[in-house]
Amino acid sequence: MTVASRAHLLSASITFAAAASCSFATAADISAEHTAFFESKIRPVLAEHCYSCHSEQAQEKGKLKAGLLVDSQQGLMSGGETGPALVPGKPSDSLLIKVIRHEIKDAEMPPKGRLPENVIADLAKWIELGAPDPRLATAPVVKSKRTIDVAAGKDWWAFKPLTQPALPAVKNTSGVHTPVDFFILAKQEAAGLTPGKLATKEKLLRRVTFDLTGLAPTPEERAAFLNDTRADAYAKLIDRLLESPKYGERWARHWLDVVRFAESGGYEFDGFRPGAYHYRDWVIKAMNNDMPYDEFVRMQLAGDQLKPGQYDGASATGFLVAGPYPGQITAKTVEKIRYDQLDDMVSTIGSGFLGLTMACMRCHDHKFDPLPQRDYYGIAAALATTVQSPSKIDLSYAETQKKLVVHNQLGAPLQAALKKFETEELPTRYQAWQRDQLPTLQSTAPWQVFDVQSATAQSARLIADRDGHVIYTGNKTKDDVYTLKVITHQKGVRAFRLDALSDPALPSKGPGLSDNGNFVLGDVKIIAKPLDAKNKAKPVTLKLKAAQVSFEQKNYEFAKTVDANPGTGWGVAPQMGKDHAAVYAIDGEAVGFDGGTAFEIQLRFTNFFGLGRIRLAFNNGSELAKIADAEDMQNLRELRVLSAAKAAPASVTRWFSRFDDRARQLTAAVTEHERKRPQPVLTEVYTTQAGGQDVFFLRRGEVDRKEGKASPNFIQVLMRSGDAEKKWVPPPEEKKPAIHPRLSLANWMTDAQAGGGPLLARVIVNRLWRQHFGRGIVPTSNDFGTQGEKPTHPELLDWLASELVKNGWRLKPIHRLILLSSAYTQSGDLNTANLQADPENHLWSQRPARRLEAEAIRDTLLQLGGKLDVKMYGPSETSNESTRRSVYLRVKRSELVPFMTMFDAPEPTQSIGDRGNTTVPTQALAVMNSPFVHDLAAQLLTRILATKPANTAAIISKAYEFALGRLPEPHETQRMQAFIDQQTQLLGSKPDSATLAQREFCHALLCLNEFIYVD
């Protein structure tokens, strides 16, 4: 059920309210008959179906819904949060009757099921009688609306400013390895606990290697570490693992839980998002590069604003739109779905970044934390113009920019030569041409090629050459719109000609854009605009008559409807390899403005790959039209000094190059160089784009109950500045654009002095501690509010958070502080006295064994079998049998990988801060019976045999080293030897019985608890 649905149901539950202004019968007016009717027909129904949520007893238990009491006359008369629900004497007008009759969708009451018809009839009759209620009370029921004291709320430990506590004094200074230990030991000493012993090097190696990389240490790594006798060997091990690219893959997976990452929309259609994987790759790279956490957060909230058009910015903001989103939307549901999407964004931002539960605030103020509903809608308003979209982004933006710099440097001399020609030679050469050649120059055809000023497209870059051709290149896409701007100084334009030219470089020689040389022209729109800025005439959208299409000198009537349908649009199939032309006649008077005309021509193509050649021409109606008369040539000569609103000098030179060799040479050099302009490597990224609409406060979260427009604002209890709103959401300065609201949100959230930075820092260092120890300093990683658990070591939490901010928000130094501490490096040996004094191990007097997550189990199985593909990044793997790391498996919400979910990989529907850790029979059965595990056990044996072990005992020893990171004890070797012998006997006389038995031993080793648990 969606949040909105729950809100609607909750709103409906208060319909038993009665307005105080209604005329209820008093106790003295109620007849004995009416009293009997109420006591026998009405009160039992209210008691059975309503009191659990709408009574004084429910209020005392904190379970009162919507501020409504129905266990007294006064409660009914004062009503609930939604106002009147009873109209005494008019049951059909009473909302109560409507909801119990299930006449209002998503507001059916009671929630557990429809009441019997006879009960509904009794309630309707009661209202018709005037809703007589004999229940009396000595005083009116007082249901005061909870008010939130934001100022007082700032005293909650999580909302206080960040200060770095002094290191506490401890007696056992020998147990201090990093400052972390001061805080741990101080609590232990106060409780009379004995610190745990240091873990062995073997256990430390396996523990920290899994923690930082999610993979087992190799035998070579084990030997190197055990033989390293330097005092800082462990510290160097940590540094090496932190620098490993596997670190990013491991810790990115933790973060992807927090941000509910998936590659599909969920719901019934669960549409796949091909470009969503870029966000996952961005997180891995950010982790490996130790991107400062404040920048990490800012990029996810506003990367598209910080780095517009760049791959990093687009990939990072995939965070915002990573949540579920329906695949089918209608006009009636679009607004509701939009608010559901905003709710997903706000909830994930609250839980993931700030450890605050905010989903309930869509409907009301937070019931427990000092968070008014205004804060929720303030963040939602900051996200108002953010929607999801697959976008074409340059995969190598920085490299492309470098190439463009070089390209522009090489082209500068060519541009300079052309400019010099226009300034110094063109007037003189034009005058000579006008005198000597113009009088005898006439066109042999009525069609004159347009001077193309610019050419743009949604998914491709267009280049106009000197011959009026437009070369278009780009990536494969379904459809695209090309916008061409052309000019002419002729008057009386009566028709347009669009040539689609063949070319050997095109598929099937073209002239189309698809893989078979075809295309479909779906729409043509032409707007005529005055070229002279002084011309007051308004632009005109031309009406075009049905076009005529020709190829091989044969003419065909073009369909009157152009709508991207291959049956009605202009397609070049099956006549590929030939030049095609379409002629559009203007329906009405000829077009042309004094001073020249600019035409903006929009062409919508479908089903193409993005490579082709087109040319535009016009006709003024004459059979043998002069190219231009003397007056037009005078205008052309003067274009050099006219404003850009009329024409650019380059267009003059390009036109004149048809008649002048020097102009042709210079323009050809510039055009040829421009054709070599470096093109971006475009890739589809699922990210944000501008869109959406204003956000309004919703009463009870219902879309059809708006109560005023919301403005961007953030969480008040986390603000320390007197001018809080102006500090982060300032009004736009004169002649300067306003700060994008998501950028304001990012600035506020990472402000460690006056904004959300202190809580942001506390939450992330707690997440690091949680992943290293299995439980956070605050056990509820996603809830730092009053309903979450308080920190076991609040001073340590603040100290770590302060260290994070002080050291530039870098996470790897915090990892290092934790991993080098005595608290982390101690063994898991139990101390009876400690166990009795601290049974929950809140004070960390021993290191509990931890089960590996699903990804680490699967990846390690592949690693041991020698099958692990270490290729990084790229599209997700569609096959569950893929040998790549699990972080690269496709995450489709409706088709989660069974092996992963069996070991508690969560459903990516909401932010998950703490994965569950179940122990169920199916886990053991899967490892025992899975062909995947059997195959990897066989591969493990192959690797062991490749080391040429001397005997079975050596095989056993090497298998333990591979799988468990240690050598077997003598009794283990003896027991496994017996197992192999027994299996060999059971296999009988098979020629490979010994190998099969050894394979069974390897499989049994992978089934041990020790394999999936780390001490």
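Procedures and definitions
Residues numbered from 1 in each chain as written. Predicted model: local features only at pLDDT ≥ 70, side-chain atom pairs only at ≥ 80, totals over all residues. Heavy atoms only, no water. Helix = DSSP H or I, 4+ residues; strand = E, 2+ residues; numbered from the N terminus. Buried < 20%, exposed > 50% of the residue type's maximum accessible area, 1.4 Å probe, protein only. Contact = heavy atoms within 4.5 Å. Areas by Shrake-Rupley, 256 points an atom, 1.4 Å probe, with all protein chains shown as cover. Axes fitted to C-alpha atoms, helices over the stretch in contact; angles between N-to-C directions. Left-handed = near helix turned anticlockwise from the far one by under 90°. Nonpolar A, V, L, I, M, F, W, Y, C, P; charged D, E, K, R; others polar. Patch = residues over 30% accessible without salt bridge, like charges linked within 9 Å, V, L, I, M, F, W, Y side chains within 5 Å. Salt bridge = Lys/Arg side-chain N within 4 Å of Asp/Glu carboxyl O. Lys, Arg positive; Asp, Glu negative; His and termini not counted. Charge placed at Lys NZ, Arg CZ, Asp CG, Glu CD. Phe/Tyr/Trp six-rings, centres within 6.5 Å; stacked < 30°, edge-to-face > 60°. Lys NZ or Arg CZ within 6 Å of the ring centre and 35° of its normal. Pairing = 2+ DSSP bridges. Expected span 1.5 Å × (residues − 1). Bend = angle between axes of the 7 residues up to and from the residue.

Peer 1: Can you walk me through the overall build of the protein chain in this structure?
Peer 2: Looking only at helices and strands, the protein chain features 36 helices and 20 strands. Burial status across the protein chain gives 52% buried among its 1015 residues. Looking at the protein chain alone, contacts between residues at least 24 apart form 73% of all its contacts between residues at least 6 apart. As displayed, the protein chain offers around 45400 Å² of accessible surface, 52% of which is attributable to carbon and sulfur atoms.

Peer 1: Looking at this structure, how should I read the packing of helix α25 (residues 794–806) against helix α26 (residues 811–819)?
Peer 2: To describe two helices that pack against each other, one gives the angle between their axes and the distance between the axes. Direction vectors running N to C along α25 and α26 enclose 145°, while the axes themselves pass 9 Å from each other. The hand of the α25/α26 crossing is right-handed. Residues W799, L800, E803 and L804 of α25 touch α26, and the partners they reach there are L811, I814 and L817. Taken together, the residues that form the contact of α25 with α26 break down as six nonpolar, no polar and one charged.

Peer 1: Where do I start with a positive patch on the surface in this structure?
Peer 2: Side chains of K61, K63, K65 and K367 sit close together on the surface and give a patch of like positive charge. Checked against the element boundaries, K65 lands in the loop between α3 (56–60) and α4 (73–78).

Peer 1: How should the pattern of salt bridges be read in this particular structure?
Peer 2: Using the criterion set out here, one finds 44 salt bridges in the structure. In this structure, D239 and R816 form a salt bridge, with 2.7 Å as the shortest nitrogen-oxygen distance. Placement of the pair is D239 in helix α11 (residues 233–243) and R816 in helix α26, with a sequence separation of 577 residues. Look at R816 and you get partly exposed, because its relative accessible area is 29%. One salt bridge connects R966 with E972, and the closest N-O pair in it is separated by 2.8 Å. Members of the salt-bridge network, linked through shared partners, are E202, R222, K958 and E961.

Peer 1: Looking at this model, I keep getting lost on the environment of E702. Mind explaining?
Peer 2: Examined against the element boundaries, E702 turns out to sit in the loop between β17 (696–698) and β18 (706–709). The buried category is assigned to E702, whose relative accessible area is 8%. Separated by 366 residues in sequence, E702 and K336 place their C-alpha atoms 8.3 Å apart.

Peer 1: When you look at the packing of aromatic side chains in this model, what are you seeing that I'm missing?
Peer 2: Ring pairs (aromatic) are described by centroid distance and by the angle formed between their planes. If you walk through the whole model with that rule in mind, you get 23 aromatic pairs. Measuring from centroid to centroid gives 6.3 Å for F899 and F932, while their planes differ by 65°, and the two rings are edge-to-face. On the criterion of sequence distance, the pair formed by F899 in helix α30 (residues 898–902) and F932 in helix α32 (residues 931–946) is long-range, its members being 33 residues apart. Exposure class is identical for F899 and F932. Each is buried. Within the aromatic cluster, the residues linked to one another by ring pairs are W255, F261, Y279, W282, Y293, F296, F319, F353 and W809. One cation-aromatic arrangement involves R890 over F272; the distance from NZ or CZ to the ring centre is 3.7 Å.

Peer 1: Any chance you could explain the pairing of strand β8 (residues 520–530) here in plain terms?
Peer 2: Within a regular strand, the side chains alternate between the two sheet faces. Extensive coverage of β8 is indicated by the burial of eight of its eleven residues. Strand direction decides the pairing type here: β8 and strand β12 (residues 570–571), joined by two bridges, are antiparallel. When the bridges of β12 are listed, L521 appears paired with W570. Alignment of β8 against strand β9 (residues 540–541), held across two bridges, turns out to be antiparallel. When the sheet's bridge partners are listed, A528 is paired in β9 with V540.

Peer 1: Would you mind showing me how to read unusual backbone geometry here?
Peer 2: For residues that are not glycine, phi is negative in most cases, and the peptide bond is trans in most cases. Positioned with a positive phi, D270 is a non-glycine residue whose angle comes to about 50°. As for its placement among the helices and strands, D270 is situated in the loop between α12 (245–258) and α13 (277–288). What makes D270 buried here is its relative accessible area of 2%. Unlike most non-glycine residues, Y873 shows phi in positive territory, near 70°. Following the sequence through the fold, Y873 ends up in the loop between α29 (854–864) and α30.

Peer 1: Honestly, helix α14 (residues 293–306) in this entry has me stumped. Any pointers?
Peer 2: In an α-helix there are 3.6 residues to a turn, and that puts residues three or four apart on one side. In this model α14 runs just 15 Å from its N-terminal to its C-terminal C-alpha over 14 residues, more than 12% under the 20 Å that 1.5 Å per residue would give. Of all bends in α14, the biggest is about 70°, found at Q300. Taken as a whole, α14 has its buried residues at Y293, F296, V297, M299, Q300, L301, A302, G303 and D304.

Peer 1: Explain helix α16 (residues 334–354) here, please?
Peer 2: With 21 residues, α16 should cover 30 Å at 1.5 Å per step; its first-to-last C-alpha distance of 29 Å lies within 8% of that length. Within α16, 18 of the 21 residues are buried, which leaves the element mostly enclosed by the surrounding structure. Once α16 ends, the next one or two residues include G355, with phi positive near 60°.

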